[in-house]
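Residue-level listing of the chains:
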Amino acid sequence: MLGAFYPQRRLADFVLGVSAQPCPGCGGEPPERGHAYCLGCSVELRVMDRVDALGLEQELAWRMPVVSVHALWWAEAGSRAEALYKALKFGGRRTLGPALGRAMARHRERMAPLPDGLVPVPTTIHRTWSRGYNQAHLLAEGMAAHASLPVYPHLLQRLEGGRNLARLGRNQRNEQAKRDFVQARTVDGGPYRTDQRDLNGLHLLLVDDVMTSGATLEQCGNLLIRRGARLSVMVLARRRNRI
């Protein structure tokens, strides 16, 4: 009887206790099972290529030494890419994280060698509690699962009480980021001591959801580099203004 009212895929969701949510990129029909977003969004998304990656690398190279910098998408205001990362970051769509992380890993592996491990950009305990997760950690977990790599979420810490970087200008973001992010624990989980070089020789990939000014990536990246790491960066999306 239920089959008369529910299409087959919706019926399966009903039986499994999973509600079929609209596509997080456009708000339209739910994506096909196993996909993070619909076919229409996949056509609209602006995937970054090797030339784009070189541009990103140049953006950060004068601020810190980097091996490589990559992003999966360009994200203009009002774009499907913006809608997708906001659905993950603010919309509670937790399952997007690992799925998009796997997409990031597939994209990067065509252009750059594997790192030794991944470091998600940390968020505050309060934000993790209110959202239920750290979106950068979910992306890193998805990438790690695809490439069979370790994740080190404990190396850095974001302190409570900082101002929201999204509401600040470029110079203010840089100054605030320097106060927000600090060393936390060593690679093996012990307490970090000042000037400790526990990451010597490790090629680490710093992972975040979005790059805007690069202030967060710069501060977190420099903290890892000071401990001896070789650094690469991967973000889900690079924000840019419409041309």
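Residues numbered from 1 in each chain as written. Predicted model: local features only at pLDDT ≥ 70, side-chain atom pairs only at ≥ 80, totals over all residues. Heavy atoms only, no water.

(A) Geometry of the overall build of the protein chain. Counting secondary structure elements, the protein chain contains 9 helices and 7 strands. Taking all 243 residues of the protein chain together, 50% fall into the buried category. Restricting the contact set of the protein chain to residue pairs at least 6 apart, pairs at least 24 apart contribute 73%. Summed over all atoms, the accessible surface of the protein chain reaches about 12500 Å², with 52% contributed by carbon and sulfur. (Helix = DSSP H or I, 4+ residues; strand = E, 2+ residues; numbered from the N terminus. Buried < 20%, exposed > 50% of the residue type's maximum accessible area, 1.4 Å probe, protein only. Contact = heavy atoms within 4.5 Å. Areas by Shrake-Rupley, 256 points an atom, 1.4 Å probe, with all protein chains shown as cover.)

(B) Layout of the packing of aromatic side chains. Inspection of every chain in the model, using the stated rule, returns 1 aromatic pair. Each ring, one from Tyr 37 and one from Trp 73, has its centre 6.0 Å from the other, and the planes form 70 degrees; the classification is edge-to-face. A residue pair is termed long-range when its members are at least 10 positions apart, and Tyr 37 in the loop between α1 (8-16) and α2 (39-44) and Trp 73 in strand β2 (residues 68-76) qualify at 36 residues. The ring centre of Trp 74 lies 4.4 Å from the NZ or CZ of Arg 240, which sits over that ring. (Phe/Tyr/Trp six-rings, centres within 6.5 Å; stacked < 30°, edge-to-face > 60°. Lys NZ or Arg CZ within 6 Å of the ring centre and 35° of its normal.)

(C) View of the pattern of salt bridges. Per the stated rule, a full pass over the model turns up 9 salt bridges. Where Lys 86 meets Glu 82, a salt bridge forms, and the shortest distance between an N and an O atom there is 3.5 Å. Of this pair, Lys 86 and Glu 82 both sit in helix α4 (residues 80-89), 4 residues apart, which is roughly one turn of the helix. Taking relative accessible area as the criterion, Lys 86 reaches 36% and is therefore assigned partly exposed. Between Asp 198 and Arg 227 there is a salt bridge, and its shortest N-O distance comes to 2.9 Å. Of this pair, Asp 198 sits in the loop between β5 (181-183) and β6 (203-211) while Arg 227 is found in the loop between α9 (215-226) and β7 (230-240), placing the two residues 29 residues apart along the sequence. (Salt bridge = Lys/Arg side-chain N within 4 Å of Asp/Glu carboxyl O.)

(D) How the structure looks around the packing of helix α5 (residues 96-109) against helix α7 (residues 135-147). Here α5 crosses α7 at 55 degrees, and the two axes come no closer than 6 Å. Relative to α7, the element α5 is oriented oblique. You can see that α5 and α7 cross each other, and the crossing is right-handed. Contacts between α5 and α7 involve Gly 97, Pro 98, Leu 100, Gly 101, Arg 102, Met 104, Ala 105, Arg 106, Arg 108 and Glu 109 from the former and Leu 138, Leu 139, Gly 142, Met 143 and His 146 from the latter. A class-by-class count of the residues in the contact of α5 with α7 yields 7 nonpolar, 4 polar and 4 charged. (Axes fitted to C-alpha atoms, helices over the stretch in contact; angles between N-to-C directions. Parallel < 35°, antiparallel > 145°, perpendicular 65-115°, else oblique. Left-handed = near helix turned anticlockwise from the far one by under 90°. Nonpolar A, V, L, I, M, F, W, Y, C, P; charged D, E, K, R; others polar.)

(E) Main features of the pairing of β2. The buried fraction of β2 is high, at 9 of 9 residues. Alignment of strand β1 (residues 46-47) against β2, held across 2 bridges, turns out to be antiparallel. Paired with Val 47 across the bridge in β2 is Trp 73. Direction of pairing for β2 relative to β7: parallel, over a ladder of 8 bridges. Bridging across to β7, His 70 finds its partner in Met 234. (Pairing = 2+ DSSP bridges.)

(F) Representation of the nonpolar core in the model. Judged by nonpolar contacts, the single largest core of 35 residues is most densely connected at Tyr 37 and Trp 73. Contributing elements (two or more residues each) for this core: β2, α4, α5, α7, β6 and β7. Filtering out sequence-adjacent residues up to four positions away, Trp 73 remains in contact with Tyr 37, Leu 45, Arg 46, Val 47, Met 48, Ala 81, Leu 84, Leu 100, Leu 236, Ala 237 and Arg 238. Met 48, Leu 155, Leu 204 and Leu 224 belong to the second largest nonpolar core, which has 30 residues in total. (Core = buried A, V, L, I, M, F, W, Y, C linked by side-chain atoms within 4.5 Å.)

(G) Geometry of the side chain of Gln 135. Relative to the helices and strands, Gln 135 is located in helix α7. If we ignore the near neighbours within four places in the chain, the residues touching Gln 135 are Leu 88, Lys 89 and Asp 209.

(H) Region of the structure containing the side chain of Ser 213. Mapping Ser 213 onto the fold places it in the loop between β6 and α9. The buried category is assigned to Ser 213, whose relative accessible area is 9%. A polar contact of 3.2 Å, which involves the side chain of Ser 213, links it to the backbone nitrogen of Ala 215. (Polar contact = N/O pair within 3.5 Å; in protein donor to acceptor, adjacent residues only side chain to side chain.)

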